[in-house]
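A look at the structure
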Amino acid sequence: MGFLFWKKKKDADAPAPEEAQLDFTIPELPKFETEPFAHEPEPIVEVVPEPEPELVAEVEAEPVAQVEAQSEVEVQTEPVVEIESAPEVAVVVGAETSPEPVPQPVAEVVPSTPAAPVQVAAAAVELEAVELPKRSFVKNIKSLFTRVKFDPENLDDLEDTLIQADFGLDAAISIVEQVKTRAKKQSAQTEAQLKAILADIIAENLERDDKALNLSSGKLPYVILVVGVNGVGKTTTIGKLAKWLREGDWDVVIAAADTFRAAAVDQIATWADRAGAKLIRPKTEGQDPASVAFEATEVAVREQADILIIDTAGRLQNKVDLMNELEKIRRVVEKQATIAEVLLVIDATTGQNGMTQAKAFAEVAKVTGVALTKLDGTAKGGIVYSIQRELGIPVKLVGVGEGIADFAFFDAEEFAKGLVD
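Notes on the structure in this doc start here.

What counts as what
- Residues numbered from 1 in each chain as written.
- Predicted model: local features only at pLDDT ≥ 70, side-chain atom pairs only at ≥ 80, totals over all residues.
- Heavy atoms only, no water.
- Phe/Tyr/Trp six-rings, centres within 6.5 Å; stacked < 30°, edge-to-face > 60°.
- Helix = DSSP H or I, 4+ residues; strand = E, 2+ residues; numbered from the N terminus.
- Lys NZ or Arg CZ within 6 Å of the ring centre and 35° of its normal.
- Buried < 20%, exposed > 50% of the residue type's maximum accessible area, 1.4 Å probe, protein only.
- Contact = heavy atoms within 4.5 Å.
- Pairing = 2+ DSSP bridges.
- Axes fitted to C-alpha atoms, helices over the stretch in contact; angles between N-to-C directions.

Details of the packing of aromatic side chains
Inspection of the entire model under this criterion finds 5 aromatic pairs. Their ring planes at 55 degrees and their centres at 4.6 Å tell us that Trp 244 and Phe 409 sit as a pair that is tilted. Of this pair, Trp 244 sits in helix 6 (residues 234-247) while Phe 409 is found in strand 12 (residues 407-409), placing the two residues 165 residues apart along the sequence. Among the aromatic residues, ring-to-ring pairing joins Trp 244, Phe 407 and Phe 409 into one connected group. Positioned above the aromatic ring of Trp 271, the side-chain terminus of Arg 274 is 4.5 Å from the ring centre.

Set out below in structure tokens:
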């Protein structure tokens, strides 16, 4: 089974995209002659024979022109540039007045590139639909009926078998009634027919529309917050998931935000190296987990990574502290990116203790999906049924071995077949 997801499109042949260069070149301004008003006809100036004292005083106070007792008036070129300040002095020139100065044209620079950054941002990341590698886990699921006879005369024994497999009492009773009804309707008599009916009923009850990872919004990087108590296989799950995503040519960054366990960072560093993912680790021992998550988010956003997986500390001794820590991580991450998934890792071998953990984390961590580990080491796979039916949280991923490739999407039909056959 495979799902289509959206990730950054990569073109191996195309050169690396260059940052858009905005053109801020100012258009060339019109050139003027040395004398701004040389294009106007030069007026013939006649001197009034008997200048009045008041007029002479005004002319001397005005830096525009100096008048001497000669037959011609010498007009200085440089002060004429300041003619804007002399509109109040009216100089009589014969029967004509001096022409009003023509205002100097001002070049207007029209910005033509404000929309360019928006266009560049929109085209910076091109998405493509991809499908992760398909893997089957059915051969790793232990059957419920290795030592139990399954025939029409012993259907009541099926209830005990389901309870022992951690389906829960209510679920076991409901499943047995459905098997009896459908077997009677189909006139099923053989063990193979009854097992097929049981597998169909389990698969139908486990099938969900939200079983796929939330990797289709196109809001990169997809941030996956991984929670769970210590010892359930959280670090291993992160390494396997990172490896799987890398096989699909996804760029993966891992944040080692479980800073309270000395060995946790070294363990996840080993898995990150095996998976080919980039690791952001704390700079100092015991560093605040939220600061590590913030730095990793910065790196993932800057480098346009497809996936950011954040490991968190697994403590349930004080749910208030856990809630505060997870909320702080959420706040710093969501300043730069959107959290796509909160995956709760549960050890299938813990049975109903796994249910207790699931309920506690569901209260404080806003869990969106479950990753079930060590499903190959027990016939207690009914915990999947209990989690989905009682908590309404979909099981999305399963781990079925110690190898880095022993990991797959949860498939209800495949899971049911493995339990029954």
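Some points on helix 7 (residues 262-275)
Listed as buried for helix 7 are Ala 264, Val 265, Ile 268, Ala 269, Trp 271, Ala 272 and Ala 275. Its buried side turned inward, helix 7 meets helix 6, strand 6 (252-256), strand 7 (278-280) and strand 8 (307-311). Following helix 7 by one or two positions, Gly 276 adopts a phi angle in the positive range, close to 80 degrees.

As for the side chain of Gln 287
For Gln 287, the location among the structural elements is in the loop between strand 7 and helix 8 (289-302). Contacts of Gln 287, omitting those with residues within four sequence positions, involve Thr 259, Pro 282 and Val 292.

Section: the environment of Pro 221
Secondary-structure assignment places Pro 221 in the loop between helix 5 (191-206) and strand 5 (222-227). Look at Pro 221 and you get buried, because its relative accessible area is 2%. Once you skip the residues sitting within four places of it in the chain, Pro 221 turns out to touch Ala 300, Val 301, Ala 305, Asp 306, Ile 307, Ala 337 and Thr 338.

Some thoughts on the sheet that holds strand 10 (residues 369-373)
Reading across from one edge, 7-6-8-5-9-10-11-12 is the order of the 8 strands in this open sheet, with mixed pairing throughout. Every other strand in the sheet has two partners, leaving strand 7 and strand 12 as the edge strands with one partner each. Across this sheet, the average inter-strand angle for adjacent strands is 25 degrees, counted without regard to direction. Sheet analysis places strand 5 next to strand 9 (residues 339-347), joined by 5 bridges and oriented parallel. Across the sheet, residue Ile 224 finds its bridge partner in strand 9, namely Glu 341. In the packing of helix 7 onto the sheet, the strands contacted are strand 6, strand 7 and strand 8, and the crossing angle to strand 6 comes to about 170 degrees.

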